[in-house]
Amino acid sequence: MPRRLLSLLLAPTRLLLSLRSLLARGGLAVAAVASGAAFALWAVALLLRRGPGAALGRQRRHRHRDRDRDRAPAALRDPTCGEHRTLRLRSSGLRLHYVTRGPPDAPLMLLLHGFPQNWFCWRHLLREFGGRFRVVAPDLRGYGDSEKPPGRDSYRLELLLGDVRDLIEALGTPAAAPRCVLVGHDWGGLLAWEVASRHPRLVEKLVVMDAPHRAVMAAFTARHPSQLLRSCYMFLFQLPWLPELLLSLADFELVRWFMTSALTGIQDPARRLSEQELDAFLFGLSQPGGLSPPSTTTETSSGPRPSLGSRLSPGCPQGVPRCP
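Residue numbers restart at each chain and count upward from 1, following the sequence in its written direction. Per-residue local features are limited, in this predicted model, to residues with pLDDT of at least 70; the limit for side-chain atom pairs, both in listing and counting, is 80 or more; totals at the level of whole chains, interfaces and linings are taken over all residues. Each side-chain value is derived from all of the structure's non-hydrogen atoms; neither hydrogens nor water enter the calculation.

Student: Just checking my understanding: could you explain the overall build of the chain for this structure?
Tutor: Each helix is a run of H or I in the DSSP string that is no shorter than four residues. Each strand is a run of E no shorter than two, and both are numbered from the N terminus. Broken down by element type, the chain carries 11 helices and 6 strands. Per-residue burial for the chain yields a buried fraction of 47% across its 324 residues. Here, Shrake-Rupley sampling with a 1.4 Å probe gives the accessible areas, and only protein chains in the shown set may cover a residue. Summed over all atoms, the accessible surface of the chain reaches about 16,600 Å², with 60% contributed by carbon and sulfur. Any residue under 20% of the maximum accessible area for its type is buried, any over 50% is exposed, and the rest in between are partly exposed; the area is computed with a 1.4 Å probe on protein chains only.

Student: When you look at the packing of aromatic side chains in this model, what are you seeing that I'm missing?
Tutor: Where two aromatic rings form a pair, the distance of their centres and the angle of their planes describe that pair. Side-chain rings of Phe, Tyr and Trp, where Trp is taken by its six-membered ring, are said to pair if the distance between their centres is within 6.5 Å; with planes under 30 degrees apart they count as stacked, over 60 as edge-to-face, and otherwise as tilted. Here the structure, examined in full by the defined rule, presents 5 aromatic pairs. A centroid spacing of 5.0 Å and a plane angle of 80 degrees characterise the contact between Phe115 and Phe237, whose relative ring orientation is edge-to-face. On the criterion of sequence distance, the pair formed by Phe115 in the loop between strand S3 (108–112) and helix H3 (123–129) and Phe237 in the loop between helix H8 (232–236) and helix H9 (242–260) is long-range, its members being 122 residues apart. For Phe237, a relative accessible area of 2% gives the class buried. Geometrically, the ring pair formed by Trp119 and Phe120 is edge-to-face, given 5.7 Å between the ring centres and 85 degrees between the ring planes. The two residues Trp119 and Phe120 agree in class, both being buried.

Student: So what exactly am I meant to see when it comes to the pairing of strand S5 (residues 180–185) here?
Tutor: Remember that side chains alternate between the two faces of the sheet whenever the strand is regular. The buried fraction of S5 is high, at 6 of 6 residues. Every second residue of S5 is oriented toward a common face, with Cys180, Leu182 and Gly184 on one face and Val181, Val183 and His185 on the other, all of them buried. The sheet contact formed by S5 and strand S6 (residues 203–209) spans 6 bridges and is parallel. Bridge assignment links Val183 to a residue of S6, and that residue is Val207. One crossover worth recording links S5 to the parallel S6 by way of helix H5 (residues 187–198), and it is right-handed. Criterion used throughout: strands pair if DSSP finds at least two bridges between them. Crossover handedness is defined here as right-handed if the route from the first strand over the helix to the second strand goes clockwise, with the strands pointing away from the viewer.

Student: I'm lost on H9 in this one. Help?
Tutor: Quick reminder: α-helices carry 3.6 residues per turn. Residues three or four places apart thus point the same way. With 19 residues, H9 extends only 22 Å from end C-alpha to end C-alpha; this falls clearly short of the ideal 27 Å at 1.5 Å per step. Along H9, the helix axis deviates most sharply at Ala250, where the bend reaches about 115 degrees. Expected span of a helix: the number of residues minus one, times 1.5 Å. We define the bend at any residue as the angle between the axes fitted to the seven residues before and including it, ending there, and the seven starting there.

Student: Sorry if this is basic, but what is going on with the packing of H9 against helix H10 (residues 275–286) here?
Tutor: A pair of packed helices is characterised by two quantities: the angle between their axes and the separation of those axes. A fitted line through C-alpha atoms represents every axis, and for helices the fit uses only the stretch in contact; the resulting angles, taken between N-to-C directions, go from 0 to 180 degrees. Contact geometry for H9 and H10: axes closest at 11 Å, N-to-C directions at 135 degrees. Judged by the inter-axis angle, H9 sits oblique to H10. The hand of the H9/H10 crossing is right-handed. Together, Phe252, Val255, Arg256, Met259 and Thr260 of H9 and Glu275, Leu278, Asp279, Phe281, Leu282, Leu285 and Ser286 of H10 make up the contact between the two elements. Partitioning the contact of H9 with H10 into residue classes produces 7 nonpolar, 2 polar and 3 charged. Should an angle lie under 35 degrees it is considered roughly parallel, over 145 roughly antiparallel, and from 65 to 115 roughly perpendicular; all remaining angles are considered oblique. Handedness of a crossing follows from how the near helix is turned relative to the far one, being left-handed for an anticlockwise turn of less than a right angle and right-handed for a clockwise one. We call two residues in contact whenever any of their non-hydrogen atoms come within 4.5 Å of each other. Gly is put with the polar residues, along with every residue not named as nonpolar or charged; the nonpolar set is Ala, Val, Leu, Ile, Met, Phe, Trp, Tyr, Cys and Pro, and the charged set is Asp, Glu, Lys and Arg.

Student: Help me out: how do you make sense of unusual backbone geometry in this one?
Tutor: With the exception of glycine, most residues fall at negative phi, and the peptide bonds are largely trans. Phe115 connects to Pro116 through a cis peptide bond whose omega is 0 degrees. Its location among the elements puts Pro116 in the loop between S3 and H3. Put simply, Thr173 and Pro174 share a cis peptide bond, and its omega is -10 degrees. Considering the arrangement of structural elements, one finds Pro174 in the loop between helix H4 (157–171) and S5. Even without being a glycine, Asp186 presents a positive backbone phi close to 60 degrees.

Student: Just checking my understanding: could you explain the nonpolar core for this structure?
Tutor: Considering soluble globular proteins, one finds that nonpolar side chains tend to be buried as a cluster. Here the nonpolar core consists of buried residues drawn from Ala, Val, Leu, Ile, Met, Phe, Trp, Tyr and Cys, with membership extended through side-chain atoms lying within 4.5 Å. In terms of nonpolar packing, the biggest core is built from 74 residues, with Leu110, Leu112, Trp119, Leu182, Trp187 and Leu191 touching the most fellow members. A total of 10 residues in this core trace back to one element, the largest contributor, which is H9. Non-local contacts of Leu112, meaning those with residues more than four positions away in its chain, are made with Trp122, Pro138, Leu140, Val164, Leu182, Val183, Gly184, His185, Gly188, Leu191 and Ala192.

Student: Would you mind showing me how to read the pattern of salt bridges here?
Tutor: Close approach of charged atoms lets side chains of opposite charge pair. What makes a salt bridge here is a side-chain nitrogen of Lys or Arg within 4 Å of a carboxyl oxygen of Asp or Glu, nothing more. As enumerated under the stated definition, the model contains 15 salt bridges in all. Among the salt bridges present, the one from Arg88 reaches Glu147, with a minimum N-O distance of 2.8 Å. Placement of the pair is Arg88 in strand S1 (residues 83–88) and Glu147 in the loop between strand S4 (134–138) and H4, with a sequence separation of 59 residues. A relative accessible area of 52% places Arg88 in the exposed class. With a relative accessible area of 27%, Glu147 lands in the partly exposed category. In this structure, the salt-bridge partner of Glu275 is Arg256, at a minimum N-O distance of 3.2 Å. With Glu275 in helix H10 and Arg256 in helix H9, this residue pair connects regions lying 19 residues apart in the sequence. Overall, Glu275 belongs to the partly exposed group, its relative accessible area being 21%. Salt bridges here are not isolated pairs; linked through shared partners, they connect Arg90, Arg165, Asp166, Glu169 and Arg201.

In structure tokens form, the structure reads like this:
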């Protein structure tokens, strides 16, 4: 078949694909603006209720605790969680901070946190599995005590996946063919899905929490439009500078609400975060430039982030054994 004729026959398909891409980009832009407007209204209400001084000055309800932001909270220094170490990544040269607990020669269990968390969200699992595994909970690139390279391009999905691959290859067992039990939550769950799909040889077992696979997220959202409301903060991160401003208002009141409210936080009142535990997450965000890398990481994700309330549980990628 002549090449010109073949190109002519494919023209309608190419046009439809281009239109689909244009509609997707347009829909994302509209959703981002709508989400930004909704959160901006919340910010105006906060300013009217609290006043500019309290809303913009990051004043805490207990003024004497302001000094705590000058040094890491006691919860982040709890020795029962494990040993603090750093690793220079082979591919990028970045320094990642991680907390580890368990025998050095035990099978590796790698824990990937979500937004806006850090290694501390895995404190209970570090203690629980430290006797049988070498449990490692890193601060992902841009979070906590790990390095925070500047620029949006420093947080592309491919680079984040390379960080996880380097961690497994450096810390996994056996050294000749490193593997791990890979555990991810929220944004860390999305990374876990991608690592397991692209590098199945590195993943012995996969555990994902609150993070549907990107391949099924779009279809799930089409069948359950309420998911758009639960993921509205994902659209917010497509906008420049506004997410950092909104999240920092009134000493991170929006972050506090996401992490502690009855709607989006831990459902069991007896297990909700204490003020000290919440400070362990807010400390890194409160440092100069601490909010920009995490929000950039979320912005540059190539698929929609799941909500904390999602109940979708897709199957494991091909080549990865299921956990018992």
